[in-house]
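This is what each chain is made of:
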Amino acid sequence: MGQSKFTISGTVKQKSTGETLIGVTVVVVEKPNVGVITNEYGFYSISLPKGNYTLRFSYVGYKQETVPVKLDADARVSIHLSDESKLQEVVIRAKKDDDNLTKATMGTEVLNMKEAAKLPVIFGEKDLVKTIQLMPGIKSNGEGSNGFSVRGGATDQNLILLDEAPVYNASHLLGFFSSFNSDAIKDATIIKGNSPAQYGGRLSSVLDVKMKEGNSKDYQVSGGLGLISSRLTVEGPIQKEKSSFMISGRRTYADLFARLSSDMKDVKLYFYDLNAKANWAINSKNKLYFSGYFGKDVFSVSSLFGSDWGNTTATVRWNSILSSKLFSNTSFIYSNYDFNVGFKTDASEINYNSHIKDLNLKQDFTWYANANNTVRIGFNIIHHTITPTKAGGTDIVSVKNSRKGLENAVYVSNSWKVFDKLNIDYGLRFSLYNVLGGSTYNIYKDNHLIDSVILADGKIGKNYYNLEPRISASYQLNNSASIKIGYARNTQNLHLMSNSTGGSPTDAWIGNSYNIKPEVADQYSIGFSKNLYNNAFELNTEAYYKTMSNQIDYRDGADINTVPDIESELLFGKGRAYGLEILLKKKKGRLTGWLGYTLSKTERQISGINNNQWYNAKQDRTHDISIVGVYTVSERWTLSGTFIYNTGNAVTFPTGKYVLNDQVIYQYGARNADRMPATHRLDISATYERPSRRRWQGSWSFGLYNIYGRRNPFAITFKENKDNPQKIDAVQTSLFQWVPSITYNFKF
Amino acid sequence: MKMKNIVNILFTGLLFIFMGCEKVIDLNYKSNPSRIIIQGNVTNEAGPYYVKITKSIGLKDTGSYPTIDDAVVTISDDAGNSDTLSTLGHGSYRTNHLTGVEGRTYTLRVQAGDQTYTAQSTMPQRVRFDSIKVETDLITGETEYSFIPIFTDPVVKGNNYRFVLWLNDSLINQQLVLNDEVRNGVLNTVRLEINDDDFDFKPGDLVTLQMQCIDKNVALYYRTLALISDSGPGGGTTPNNPPNNITNGALGLFSAHTVERKSVRVP
C-alpha cells in the first residue's frame, strides 16, 4: 500500500522482418514470478513498483534479450528479437521452457509454420491442417481429407478463423488441400474446447490462423515450385518501419498435365488462392491492419457440368494502445462463401447455388490490471445472410429465400495469478442469436408441418440466448509438474447439413430457426503436465468428458436436392464424447518431435435413428497414434518422418440380404456397429538447404508418402460377384500408395 | 446421369492419377437375425397378383432363402372387395379374383404363425409413358449414354415414379426414382441416374424401362435404397433398412402401382 506502481509496456518484433511476435515470454529477472506473454499483436504490459529491473524476453527459436529498466514513471520498452542458430529449433513451439506448467490454458497447441514445413506431406504441399491432424484429440476425416474432428465433434463444429474472419469451407479440391497457403501464414493455434471467452460460435474447437504482416524493413520475394502447385509471395515496406504489405498467391496445375491426355482435355480441375495484407502504424499507439483472402475451386467438364466454389474474407483491424495498461482492438470483418454447380443437357439446364455472407464487428479490450490479473472484455456482432441450396434453370420451380440471422455475444474474462503456484483463467460469454425476418419459417412436429410463420423484413422472429461459463486452473506441484482442470460451455448457431457419409461440397450451412435450436456442449477436462530431463521432454496428458445437445441429422430417405424445405427432414438428439490424450514432446537436441496417443469414444443418440438407442458416431475411433520426428543431420540436411495409426471409422455394413422383386436388397443391423479396417502409414521427407548465394536462398524438399504402400481403406462398397451373383463381395477402395514429391522453395 | 455420376467419373479419373485401387476384402460380419420378408404387388394390369413371403439370410450365405408357405394372406380394397390368396408353395401366394384399379387403396394382411402383418398402398392414377430419349455425351474420351423417360407430369403435385431397367432383357439391380417436387406439371427432362460402373451400354443394346406410378411410402422406400447405394466422393447416406409400409417389423414392401413398358435401342 502507498507504494506507487508504474507500468512497462511495449511491442516485440522480429529483427529481420519487423513482424510482431506472438507469445513471447517477458519475465522480470528480479521477480521471477512476474511475467507476461505478448498478445496477438506482440503487445505486453507489466505493472511494478518503482525500482530498477531487468526484463528478459525469450521465445523459442530466437535469441534471448535482456533490457535493464529504471522505473520511476510509466515506460515503453519495445524490442526486436533475432533468429537463433538453426540447430535448436523445435517443431511445436513452447513459449518458454516450462510454459506448459504455469499457464492455466488447456487443450491448446500452437503451430510454428517454419517448422511444420519440414514434415512430410502428400504431394509435398505443406499444410497446417494436416500437421494439426497429427496432434492428439484431432482426427482427420479420412485419408487426404482436410476436414477434422476434435474430441468427438463433427467437422462443422470447428471455428476456423483467418485473421478473425470465419472460413466456412477451409478445403480445396475435393477436400485434399486446405485453404491456407503456408507461405502467407504466420501462426496457427488450435484450442480443443477450452477456448477463452473471446471465442465462440462452435462446439468443438477454435483454429485461429494469422497471416503474416509483411516485412517492414526490406523487400522480399519467396516462393516454391511443387508437383501440383506453385506459390509466390512478395512482401516489403510501404514506408519503412511504418507500414508494410504482403501478397501471396498459389495455384494448382494438376489439370494442366491431365489435359495433355486427350481423355481429360475437356476437364478443368484446379484451385487458386490469394492472400493479401497491409498494415500501417498511424503513430506509436495506433495501428491499422487490412487483410484479405480470396480462394476459388473450379471443376468442370466441357459444357455439361460446371462447378465452382470459394471463400472471400476481408478484415480491417484497428489496434490502439489507449494507455500503458489498456489495449484495444476493433475489427470489421466480411466473409463470403459461394457454391455453384450446374448441369446442361440438350433439353434442360439446372443450377444449384448456395452462399453464406457475414458482416462482423468485434471489439476487444485487454486490461493489464496489475501483475496478477489480465482482464479481457468485449463484444461481437455478426450479421449472417444464408442462402440454402437453391435450384434454378429451365422448368424448375423452387423458391428458397435467403435467411438472415444476427449472432451477438458479450464476454469478460480474467487471467488471475492467485499465488505463485496457482493460475486461474475464468470468463463468461453471453450469446444471443436473433432469427431475422425476410423469409418464411415452417414449424414441424415429428416431421409434420404444424405451422408457418411469415416473418417480415426487419422483424425479429425468435431469440436464443445462452450463458457460457469457461474456467481452467493450473496448480504447479513442483518444479517440473503441474495439474490442470477445466470446464467450458460452447454453443453453436450455424450448422452444416450433410446427407452423405463423407463430406461433399453440396453440404449446406443453415442457421437456427423455429425448429433448429443452438447446439450446446459442456466439456470437463483434467490434465497433468510433467517436464523431464531439464525440460528437454515435455509430457502433457488430458482427459475429457463432453456432452452435446441439439445435435442434428437427416431422417432416412431425406432427399436434400428435391425436398422443398429441408427442415421437414431433420431429426434431433444428443451426443457424448470422452477420451484420454497423451502427448510426449522432445524439444531439444538434433532429434525433435512428438508422440501422440488418443483413446476415445464418441456416441450419439437421435430420436428416430437406430431405434432411439445410442450409437457410435462416424468419427468414433478408439485408438489414434501419431509419431513425428525431425532430425537435423547438418546445417544443410534435415530428415523427417511421420507415422500414424488409427482405428477405422464406425460404419454400418450389411448383415444379411433378401430378394424383393428379383433384386437383392441388404439387411442392416445396428447403426455404425462395424469398423473400417485400421489405417496406418509412414511418410518421410528430406530437406536440403543450399548455401545462400548473395541474397538467393534455395531449398529442396523430397518426400515419399506411404513408404510401405499400405492400402488404407477409403471406402468399402458391396457388390454382387460377377461370376456368382449369389455371393456378395466387399470391395475396398484405397487412394494413395507411394506418392513421391519434390518441391523447390526460394527466397530473395 | 446427374451430378453424382459425373463427379464419380472424374473422381475415379483422379484416383487413377493418384494411384488409387480397388480390391475385394474379407470382413467379419455381425450375425444376422433372420427377418420375415413380405413382397406384394397389385398393378393396373389384369390379375392374378402375387405375394411372396420369405426370410432373410446372412450376407455371406449363398443358399436359398427360406420360405413361409402356411400363412393366411388376404388383400382387400376400399371398394369393399376382398380376396384370400391361394398358396402355390415356395413362399408364393396368388390372388383369385381381385382387380387392380387406379385410385383404390389396397390393404394386405398376412397371418404367419402367431404374428399378423398388415400393409396399405394406394394405386396412383396412371401417367402415360411416351418414350425413352437417349442422349450421348463425350466425357473424358468415352461416350456416356443417358436415358430420359418421356412423360408429362400431371398438374396435381405429389407424383412419384419408379423405373425398372433391363439391359438386353437382364434386370439391372438399381433403384431409379423420380418425383415432381422441383418440376411439377411439366414434360420430364431429367435423366435417370444410372450407375454404369459395372456394365457398359453399347450401340445396338436393347434398353427396356418399366415405368411405375407409385405412392408416397413406396417412393420413400426406393428412394432410401437409392440414397444408400450412392457412391462417389461424398459416399452414400448411412445405410439402414429403408422405412416400409408393413407393420410389425417385417421387411419388404407392398406396392399398388401402375405399369407401362417402353424399349429403345442404344444408337
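Basis of the calculations
- Residues numbered from 1 in each chain as written.
- Chains lettered and ligands numbered in written order.
- Predicted model: local features only at pLDDT ≥ 70, side-chain atom pairs only at ≥ 80, totals over all residues.
- Heavy atoms only, no water.
- Helix = DSSP H or I, 4+ residues; strand = E, 2+ residues; numbered from the N terminus.
- Rg over C-alpha atoms; globule rule 2.2 N^0.38 Å.
- Buried < 20%, exposed > 50% of the residue type's maximum accessible area, 1.4 Å probe, protein only.
- Lys, Arg positive; Asp, Glu negative; His and termini not counted.
- Charge placed at Lys NZ, Arg CZ, Asp CG, Glu CD.
- Core = buried A, V, L, I, M, F, W, Y, C linked by side-chain atoms within 4.5 Å.
- 1 Å grid on protein atoms, 1.4 Å probe; cavity = no way out; pocket = protein on both sides within 12 Å on 5 of 7 lines; lining within 4 Å.
- Points joined across faces, edges and corners; volume = space filled by probe spheres on them.
- Nonpolar A, V, L, I, M, F, W, Y, C, P; charged D, E, K, R; others polar.
- pLDDT = per-residue confidence, 0-100.
- Contact = heavy atoms within 4.5 Å.
- Polar contact = N/O pair within 3.5 Å; in protein donor to acceptor, adjacent residues only side chain to side chain.
- Pairing = 2+ DSSP bridges.
- Salt bridge = Lys/Arg side-chain N within 4 Å of Asp/Glu carboxyl O.
- Phe/Tyr/Trp six-rings, centres within 6.5 Å; stacked < 30°, edge-to-face > 60°.
- Axes fitted to C-alpha atoms, helices over the stretch in contact; angles between N-to-C directions.

Asks: Would you mind going over the overall build of chain A in detail, with residue names and values included?
Replies: For chain A, the count of helices and strands is four helices and 50 strands. Here the C-alpha radius of gyration of chain A, 26 Å, is about what a compact globule of 748 residues would show, namely 27 Å. When the backbone C-alpha atoms are referred to their principal axes, chain A occupies close to 90 × 60 × 50 Å. Counting the 748 residues in chain A, one finds 61% classified as buried. Counting 87 positive and 69 negative side-chain charges, chain A places the centres of these two groups 6 Å from one another.

Asks: Provide a residue-level description of the nonpolar core, including the pertinent values.
Replies: Residue and element names in this part refer to chain A. By size, the foremost hydrophobic cluster in this structure holds 35 residues, and its most contacted members are F123, F177, F305, I356, L494 and F736. Elements with a minimum of two residues in this core: strand 21 (267–281), strand 22 (286–301), strand 23 (305–323), strand 24 (326–344), strand 25 (349–370), strand 28 (422–436) and strand 29 (439–445). One finds I132, M135, I185 and I644 within the second-largest nonpolar core, a separate group that totals 30 residues.

Asks: Describe empty space enclosed by the protein, with residues and values.
Replies: One water molecule sets the probe size; rolling that probe over the atoms shows where empty space is left. Residues and elements named next belong to chain A. By the definition in use, this model includes 16 cavities of 30 Å³ or more. In this structure, the largest cavity spans a volume of roughly 470 Å³. Along the walls of the largest cavity sit 37 residues, with L161, Q198, Y199, K362 and N380 positioned nearest its centre. Mapped onto the lining of the largest cavity, the elements with two or more residues apiece are strand 12 (158–162), strand 17 (205–211), strand 24, strand 25, strand 26 (373–393), strand 27 (403–419) and strand 28. Per-class residue counts for the lining of the largest cavity are 11 nonpolar, 14 polar and 12 charged.

Asks: Lay out the confidence of the model for chain A in plain terms, naming residues and giving numbers.
Replies: Averaged over chain A, the pLDDT score is 86; the fraction of residues at 70 or greater is 92%. Across residues 86–95 of chain A, confidence stays below pLDDT 50; counting only partners more than four residues off in sequence or on other chains, it has 40 contacts.

Asks: Before we move on, could you go through the environment of T122 of chain B and cite the residues and values that matter?
Replies: Residues and elements named next belong to chain B. With respect to the element layout, T122 can be found in strand 10 (residues 115–122). Of the residues examined, T122 reaches a relative accessible area of 30% and is grouped as partly exposed. Linking T122 and V101, residues 21 residues apart in sequence, is a C-alpha distance of 9.6 Å. At 2.8 Å, the side chain of T122 and the side chain of T105 are in polar contact.

Asks: Run through the environment of I443 of chain A, naming residues and quoting values.
Replies: Counting through the fold element by element, I443 of chain A comes out in strand 29. Sequence-distant contacts of I443 of chain A, that is, excluding residues within four places in its chain, are made with H448, L449, I450, D451, V453, Y514 and N515 of chain A.

Asks: Break down the sheet that holds strand 4 (residues 57–58) of chain B for me, citing the residues and quoting the values.
Replies: Read from one edge of the open sheet, three strands run 44(A)-43(A)-4(B), paired in antiparallel fashion. Unpaired on one side and paired on the other, strand 44 (663–668) of chain A together with strand 4 of chain B mark the two borders of the sheet. As defined by bridge partners, strand 43 (residues 654–660) of chain A adjoins strand 4 of chain B across two bridges and the pair is classed as antiparallel. By the bridge assignment for strand 4 of chain B, K657 of chain A is matched with I57 of chain B.

Asks: Run through the confidence of the model for chain B, naming residues and quoting values.
Replies: Looking at chain B as a whole, the pLDDT averages 87, with 89% of positions reaching at least 70. Scoring the predicted complex yields pTM 0.87 and, for the interface, ipTM 0.91.

Asks: With reference to specific residues and values, describe the pattern of salt bridges.
Replies: Residues and elements named next belong to chain A. A full pass over the atoms with the stated rule returns 40 salt bridges over all chains. The salt bridge partner of E538 is K587, with a shortest N-O separation of 2.9 Å. With E538 in strand 36 (residues 537–554) and K587 in the loop between strand 37 (570–586) and strand 38 (591–606), the pair connects residues that are 49 residues apart, well separated along the chain. Linking E569 and R555 is a salt bridge whose minimum nitrogen-to-oxygen distance equals 3.3 Å.

Asks: I'd like to hear about unusual backbone geometry, residue by residue, with values.
Replies: Look at the link from G47 of chain B to P48 of chain B: it is a cis peptide, with omega at 0°. Within the fold, P48 of chain B resides in the loop between strand 2 (36–43) and strand 3 (50–55). Of note, R151 of chain A is a non-glycine position whose phi angle comes to about 45°, a positive value. Here R151 of chain A shows up in the loop between strand 11 (148–150) and strand 12.

Asks: How would you explain the side chain of N275 of chain A if you had to name every residue and give the values?
Replies: For N275 of chain A, the position within the fold is in strand 21. Taking the relative accessible area as the measure of exposure, N275 of chain A reaches 1% and is therefore buried.

Asks: Tell me about the side chain of N414 of chain A, and please be specific about residues and values.
Replies: Residue and element names in this part refer to chain A. Looking at where N414 falls in the secondary structure, it is placed in strand 27. Overall, the relative accessible area of 10% leaves N414 in the buried class. Among the polar contacts made by the side chain of N414, one reaches the side chain of N373 at a distance of 2.8 Å. From its side chain, N414 meets the backbone nitrogen of T374 in a polar contact 3.3 Å long.

Asks: So what's going on with the packing of aromatic side chains? Residues and values would help.
Replies: All names here are of chain A. Throughout the structure, instances matching the rule amount to 35 aromatic pairs over all chains. Centroid distance W309 to F339: 6.0 Å. Interplanar angle 45°. Geometry classified as tilted. One end of the pair, W309, is in strand 23; the other, F339, is in strand 24, with 30 residues separating them in the sequence. Neither W309 nor F339 differs from the other in exposure class; each is buried. Aromatic rings pair up to connect W696, W700, F702, Y744, F746 and F748 into one cluster.

Asks: If you had to explain the sheet that holds strand 5 (residues 72–77) of chain B to someone new, which residues and values would you point to?
Replies: All names here are of chain B. Read from one edge to the other, the open sheet built from four strands follows the order 6-5-9-10, with strand pairing classed as antiparallel. Every other strand in the sheet has two partners, leaving strand 6 (82–84) and strand 10 as the edge strands with one partner each. Averaged over all pairs of adjacent strands, the angle between their axes in this sheet comes to 15°, without regard to strand direction. Alignment of strand 5 against strand 9 (residues 105–112), held across six bridges, turns out to be antiparallel. Paired with S76 across the bridge in strand 9 is T107.

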